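One-letter residues, chain by chain:
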Amino acid sequence: MLEELHAKNLECTGCGACYNVCPVDAIKMEMDTIGFLQPIVQKDRCINCGRCLQTCPVLTPDKNENISEPDCYAAAMSDVVRLQSSSGGIFTALAEVVLAKGGAVYGAALAPDFSVRHICVKARDELPLLRKSKYVQSDTGLTYREIKEQLQNGHAILFSGCPCQVAGLKAYLGKEYDNLYTVDILCHGVPSQKMLKEYIQEMPEGNKIISLDFRPKEKAWSASSRILKMNYEDGTSKLVPFSKSEYEQGFHNGLILRNSCENCSFAEYPRQGDISLGDFWGIGDRDISMDDEGGTSAVLVNSPKGQVLLQQAQPQFTLCKRVPRDWLCDNRVTAKRTPSPYKPYFQFLMGQIGFTQAVKTALAYRFAVGIVGPWMNINCGGALTYYALFEALRDMGYFPIMISQPEGLDWDPTPKYCRYKKLPYPSYAIAPVKESYVQQREFNNNCDTFLVGSDQLFTDEMLKLLDGYADLEWVSEDKRKVAYATSFAYDTFHGTYLQKERLRYFLQRFDDFSVREESGVALAKKEFDVEAEWVLDPVFLCATSHFEKLSESGMERVSQRPYVFGYVLDPDFEKANAMHFTAEKLGAECYAASDVWNNPDKLKRIWDIETFDQLGNEELIAQIVHCRFLITDSFHGMCFAILFHKPFVAIANQERGKARFASLLRLLGLEDRMVHNPAEIEKAPWLFETIDYESVDKRLEIERDRCRTWLKNALEKPLTHKAVTDYDMACGYCDRTQTMIERRMKQDRDSLNGRVDWLIGYADANKADEKKTDVAQWKQLEDHNGRLTGLEKLQREGAETDASQWTQLEDHNQRLTGQEKLQQEGAETDASQWMQLEDHRKRLDSMEAKVNDLQAKLDMLEQHSIWHRPWKK
């Protein structure tokens, strides 16, 4: 089961479906090292029917017919029920509906021994056993079998559990039952029962704890989620706040949760149960009327069957209001949750130092020893010596962490250059790379001891590459500083006066200092006034079993026939001839490997030996372990030959530090295995003589004991109070200033980036309209061009028109001048005419008088009949 899951990068949830479905009971649910139940197949009983694999809801997920967008309700029961419940008490109402039908309810119960198991309840007065939250995974046992039997007998069943347990039950049953109702909880994740029991056992001796309440409401519902109540044998109780409860701290930080909880497909929509229940955290922020601090439940109705059950229970509710589903933002309704970065470290520590201390240490990210040195070295020997130191310390009972140099130095700390197929260090044991020495000093909060590892760290070149890193300039004065088997490479210090004086200051701050070359003892004293101990390289402190395990993944190119292996860092013709000579004498094949900068094309110009390109650390060990004879100019190549009892020749290289070769070989009585010139190999009479490794091992064991004792004493020496130095004070002020500058620069960058992001977003948002806009603009430009062309024509015509109009205006001016003259003449004429008219008026007046006189005469004549009628006719 587990192999099948891990092959697909899946995690067992411990639901127990496979355990229940096995027809021959060949599966047992057993606790792993941290207490989680895992299925273990008893191969002698297994009939290979495959039903466990077919039933596993992780390996073979069923199609979920539940609603993907369920209705969401805020609900609550009476105060009496809620006081006995963790949230709104809705589970009680649902359970009572099923019990009223003569059915049974299955849920998790906390036993007096603090184990949690699923049990069956058939009476209302037994429901308190299933109420309240239990921050621990329940053991479902064989309850799935019991449920199936009761369902087949027609009994109504309500099953409540984590989403994975509901999925496990449904997978086991294999079909829908109308009389089965399921409730899944809005799950945060589950710790193991072993964790809870260890936490209780590690409590200070005194009053005996008889029960726990994970969600007491003494301080109101909203404050209950992180408080633990302990009830004692004498009837008293105690509220343990979050700050003093390692169990609550581990739970809410995700530190103690099962690995499968980090990516649980059963926690997302569509949900597994007919109904989902949980605390409606944050409901008061949405609608204060639905939060009276007594507890409010979140209810998701995931199926028609769940809707019916909710309706049947609703008369008992004091609150039931449908609300938007996105109000569940403070509850987990997604598959993935962010894992604690310290979780792997906690899981390692729990088996070493107990639950409570493991939680404290992991959350504080505290380590016994911080290993300092370029452990991600591209050089195989340099990388393997740090691996050896790490494993040696773990075997001695310490918990080391690998601390890289900060970014910004000439030596890039990126581990991608490290020549491992897979990094052999646990993820928790690799410290995050810091951006600067300001951040590098933060490691003083994680370790009390810093151990500089074995490598050529104190040379002029390395001091340039690792400026301030290996000499622990960034470690506080009050921390323990130890160097184990470090190296100056040469018999004298090769560096500038400033490098030497700077190094002198920081090396004298070390509490204990050791070197891997005998000559390094005198050099440390003479040049730096430092007392040094001569010790073995860490590869000799590390059990060979660690290297053998490492070599298992490096077997791809290991020949099945006898072969001479040459691990040569500086290849030349003479070394090639020596390898050919040795292989010919032994009747063996010949293979070689070199450092990465010696590429295949370069090596082909030097020798005709088949050379493995890009040799990894695992493969180097494998090639040495299985070779017939080793020829090497590598110090660590020579060390591994000695460890695995291989015949070898070491070619000393003055440029790479001859002293370390000579020191080790002289200590072990193997001086004759070193030559200064490859040509000496063909003339060496001892070349094929058997090495007395029994004698070598005896010497090594004595030296191992001495070196382990020295290292243990150095690591456990009591820390003495040391006065704060001017250097430490200066670092504090510089760090503060740099932090303020970086904070201001970050604000400026964030502001600028925000503006740029807005512009990019604005451009992206309008990108779809860009082409349309361009086309429209081109059309407008074309229209404008046409208009401009027309305008030019109009301008030309306008110029002609202007000239014509000026001519007309001139003519009009002349006409106006004539009109003015005419007006003047007209005025004179008018005056003359008015005079004539006045004269005419006078004449008319005279004529009118004459007419009147004549009419008077006619009237008189008419009166005297002077005139005859005929005349008148």
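Note that this is a predicted model, so its numbers are computed, not measured.

(A) Summary view of the overall build of the protein chain. Looking only at helices and strands, the protein chain has 29 helices and 25 strands in total. Each of the 873 residues in the protein chain was classed as buried or not, and the buried ones make up 49%. If you take every contact in the protein chain between residues at least 6 apart in sequence, the share linking residues at least 24 apart comes to 74%. About 44600 Å² of surface is accessible on the protein chain, with carbon and sulfur atoms providing 51% of the total.

(B) Structural context of the sheet that holds strand E8 (residues 209–213). Taken in spatial order, the three strands make up an open sheet running E8-E9-E10, and their pairing is antiparallel. Each having just a single partner strand, E8 and strand E10 (237–240) make up the two edges of the open sheet. Strand-to-strand twist across the sheet, computed as the mean angle between neighbouring axes with direction ignored, equals 25°. Across four bridges, the pairing between E8 and strand E9 (residues 228–232) is antiparallel. For Asp-213, the partnering residue across the bridge sits in E9 and is Lys-229.

(C) Just the pairing of strand E3 (residues 71–76), in detail. The buried fraction of E3 amounts to five of the six residues, a majority that puts the element mostly inside the structure. Bridge analysis of E3 against strand E12 (residues 297–301) gives five bridges, and the strand direction is antiparallel. Within E12, the position partnered with Tyr-73 by the bridge is Val-299. Of the strand pairs in this sheet, E3 and strand E13 (residues 319–323) are connected by five bridges, and their pairing is antiparallel. Among the inter-strand pairings, Ala-76 is bridged to a residue of E13, identified as Leu-319.

(D) Broad picture of the packing of aromatic side chains. By the definition in use, this model includes 39 aromatic pairs. Seen in terms of ring centroids, Tyr-135 and Phe-214 are 5.2 Å apart; in terms of plane orientation they differ by 35°. Their pairing is tilted. Note that Tyr-135 is positioned in the loop between strand E5 (116–121) and helix H6 (143–152) and Phe-214 in the loop between E8 and E9, a separation of 79 residues in sequence. The pair Tyr-135 / Phe-214 is uniform in exposure class, with both members buried. Members of the aromatic cluster, connected to one another through ring pairs, are Tyr-135, Tyr-199, Phe-214, Tyr-247, Phe-251, Phe-346 and Phe-355. The ring of Phe-242 has Arg-226 lying over it, and the distance from NZ or CZ to the ring centre is 4.7 Å.

(E) Structural context of the side chain of Lys-343. Among the secondary structure elements, Lys-343 is positioned in helix H12 (residues 343–353). Apart from residues lying up to four places away in sequence, Lys-343 is in contact with Gly-254, Leu-255, Leu-257, Arg-258, Asn-259 and Glu-262.

(F) Region of the structure containing the pattern of salt bridges. Scanning all chains against the criterion turns up 37 salt bridges. The partner of Asp-467 in a salt bridge is Arg-502, and the shortest N-O contact between them spans 2.6 Å. Taken together, the positions of Asp-467 in the loop between helix H16 (460–465) and strand E17 (480–486) and Arg-502 in helix H17 (residues 497–507) put the pair 35 residues apart, joining distant regions of the chain. With relative accessibility at 35%, the residue Arg-502 sits in the partly exposed group.

(G) Quick peek at the packing of helix H23 (residues 635–643) against helix H26 (residues 693–716). It is the contact of H23 with H26, at a shortest axis distance of 11 Å, that shows an interaxial angle of 110°. Considering the angle they form, H23 stands roughly perpendicular to H26. In this structure, H23 contributes Ala-641, Ile-642 and Leu-643 to the contact, and H26 contributes Tyr-693, Val-696, Leu-700 and Arg-704. Of the residues belonging to the contact of H23 with H26, the class tally is six nonpolar, no polar and one charged.

Conventions we followed
- Residues numbered from 1 in each chain as written.
- Predicted model: local features only at pLDDT ≥ 70, side-chain atom pairs only at ≥ 80, totals over all residues.
- Heavy atoms only, no water.
- Helix = DSSP H or I, 4+ residues; strand = E, 2+ residues; numbered from the N terminus.
- Buried < 20%, exposed > 50% of the residue type's maximum accessible area, 1.4 Å probe, protein only.
- Contact = heavy atoms within 4.5 Å.
- Areas by Shrake-Rupley, 256 points an atom, 1.4 Å probe, with all protein chains shown as cover.
- Pairing = 2+ DSSP bridges.
- Axes fitted to C-alpha atoms, helices over the stretch in contact; angles between N-to-C directions.
- Phe/Tyr/Trp six-rings, centres within 6.5 Å; stacked < 30°, edge-to-face > 60°.
- Lys NZ or Arg CZ within 6 Å of the ring centre and 35° of its normal.
- Salt bridge = Lys/Arg side-chain N within 4 Å of Asp/Glu carboxyl O.
- Parallel < 35°, antiparallel > 145°, perpendicular 65-115°, else oblique.
- Nonpolar A, V, L, I, M, F, W, Y, C, P; charged D, E, K, R; others polar.

As far as function goes, none of this settles anything; it's purely spatial.
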